[in-house]
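Working through the structure, step by step
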Amino acid sequence: MRYETLRWDGRTLHILDQRKLPDAVEYFQARTYKDAVFAIADMVVRGAPAIGAAAAYGVCLAALEYAGLPKTEFLARLRAAGEALAASRPTAVNLRWAVQRMEKVIHGQESAEVGDIVSALLEEAGAIAREDVETNKAMARHGNTLVPQGASILTHCNTGALATVGWGTALGVIREAHYSGKNIHVYANETRPRLQGANLTAFELVEEGIPATLIVDSAAATLIRDGKVDLILVGADRIAANGDTANKIGTYMLSELAARFRVPFYVVAPVSTIDFSIPDGRHIVIEERAPEELTHIRRVRVAPPGIAVYNPAFDVTPHENITAIITEKGVLRPPYAESLLQVRD
Ligand code: MRU
């Protein structure tokens, strides 16, 4: 990727504005933690690992903003900022995971000076960002062992460099397969309503010269039935302890098709996306977004005023439909209630 999803310059978080892709490559500047909350909620930045890293830098922005306050007030403001960042989107658990990592640093430094706490937080956010890229590359290597030569791969939403700090999860496996000379072809679902597939995945695939075809989400069934898809690779926003997986709306439908036509269905996600605190997918909060995402396309109205709208951003794929979960620690197979525990940190 020629562009960076997130760039920290020591004082400001520069975020590639994904609302404007593919037409314009512009950076949104988050100078306060409230800017970071806005950027996550409005999807300037999106994708579970990317919003986790953005939230970690959001905590740094709060630390820098409040560094002049007496220590108890500084810590109270930091706590409030962490809560606001963790709540900026409800489904991806990486947000909470990243904020908790930052909180751990604060607790470990409680007797330190404010300046030292700020330095430790900056260090930790940098580590979260660096580790994300390493994690993605490890997942890509594991995932690539499952991709046959000449494979036709279907993917949904955007799970690439744009959804992470770099390289990507499911799209990271696709990158690895492409660069290892496997001669793959990708079908990218457009991913209504926000069009992450058309705007972002297609952008990444074209940028890198990976052979790909864009389809409307509803064309997937025909392709799968006609034997034109060898495997499906998707990311995840939260994986419950039994393997049930929340991901972009439409993923569940794909998993049912995969089960019906016996196409391998792989979830690619870091261990930080596993939420061991919930036993199954029924406990995952599914974000519902604004009706305008359906009634308008790029501010042009496409549905009549007065129509009711249901707009869940995610759905839950039952663990039975998942062939394997690819993590940085290896490829996990059912029963997930057991295999997930083996990679728990
Ligand atoms: O609403 P989004 O665009 O943040 O949703 C993103 C997804 O559903 C991705 O598939 C998921 O976060 C995994 S990304 C590496």
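One structure accompanies this document, and this report is about it. (Residues numbered from 1 in each chain as written. Predicted model: local features only at pLDDT ≥ 70, side-chain atom pairs only at ≥ 80, totals over all residues. Heavy atoms only, no water.)

**Side note on the packing of aromatic side chains**
This is how the line gets drawn: Two rings from Phe, Tyr or Trp (for Trp, the six-membered ring) form a pair when their centres are within 6.5 Å of each other. A pair whose planes differ by under 30 degrees is stacked, one over 60 is edge-to-face, and the rest are tilted. Going along the chain from the N terminus, every DSSP run of H or I of four or more residues is numbered as a helix, and every run of E of two or more is numbered as a strand. Should the NZ of a Lys or the CZ of an Arg lie within 6 Å of a ring centre and within 35 degrees of the ring normal, that charge is described as sitting over the ring.
A full pass over the atoms with the stated rule returns 5 aromatic pairs. With a centroid separation of 5.1 Å and 20° between ring planes, the pair formed by tryptophan 8 and tyrosine 57 is classed as stacked. Taken together, the residues tryptophan 8 in strand β1 (residues 6–8) and tyrosine 57 in helix α2 (residues 48–66) connect sequence positions 49 residues apart. A cation over an aromatic ring shows up here: lysine 248 above the ring of phenylalanine 314, its NZ or CZ 4.2 Å from the ring centre.

**Section: the pattern of salt bridges**
We apply this condition: For this analysis, a salt bridge means a side-chain nitrogen from Lys or Arg found within 4 Å of a carboxyl oxygen belonging to Asp or Glu. Exposure categories follow from relative accessible area, calculated using a 1.4 Å probe and restricted to protein chains: below 20% of the type maximum is buried, above 50% is exposed, and the middle band is partly exposed.
What the rule picks out here adds up to 21 salt bridges. Of the charged contacts in the structure, one is a salt bridge between arginine 2 and glutamate 207, with a shortest N-O distance of 2.9 Å. Of the two residues, arginine 2 is situated in the segment before β1 and glutamate 207 in helix α7 (residues 196–208); the sequence distance between them amounts to 205 residues. Given a relative accessible area of 63%, arginine 2 falls into the exposed group. A salt bridge links aspartate 17 to arginine 19, with the nearest nitrogen and oxygen atoms 2.8 Å apart.

**Re the nonpolar core**
Put simply, the rule is: Buried residues of nine kinds, namely Ala, Val, Leu, Ile, Met, Phe, Trp, Tyr and Cys, make up a nonpolar core once their side-chain atoms join them within 4.5 Å. The contact criterion used throughout is that any non-hydrogen atoms of two residues lie within 4.5 Å.
Judged by nonpolar contacts, the single largest core of 49 residues is most densely connected at Leu13, Ile15, Val45, Phe74 and Leu121. Listed by contribution, the elements that provide at least two residues to this core are β1, β2 (13–16), β3 (27–30), α1 (33–41), α2, α3 (71–86), α4 (93–108) and α5 (114–144). For this core, the element with the highest residue contribution is α2, accounting for 14 residues. For leucine 121, the residues in contact, after removing those within four places along its chain, are Val59, Cys60, Ala63, Leu78, Met102, Val105 and Ile106.

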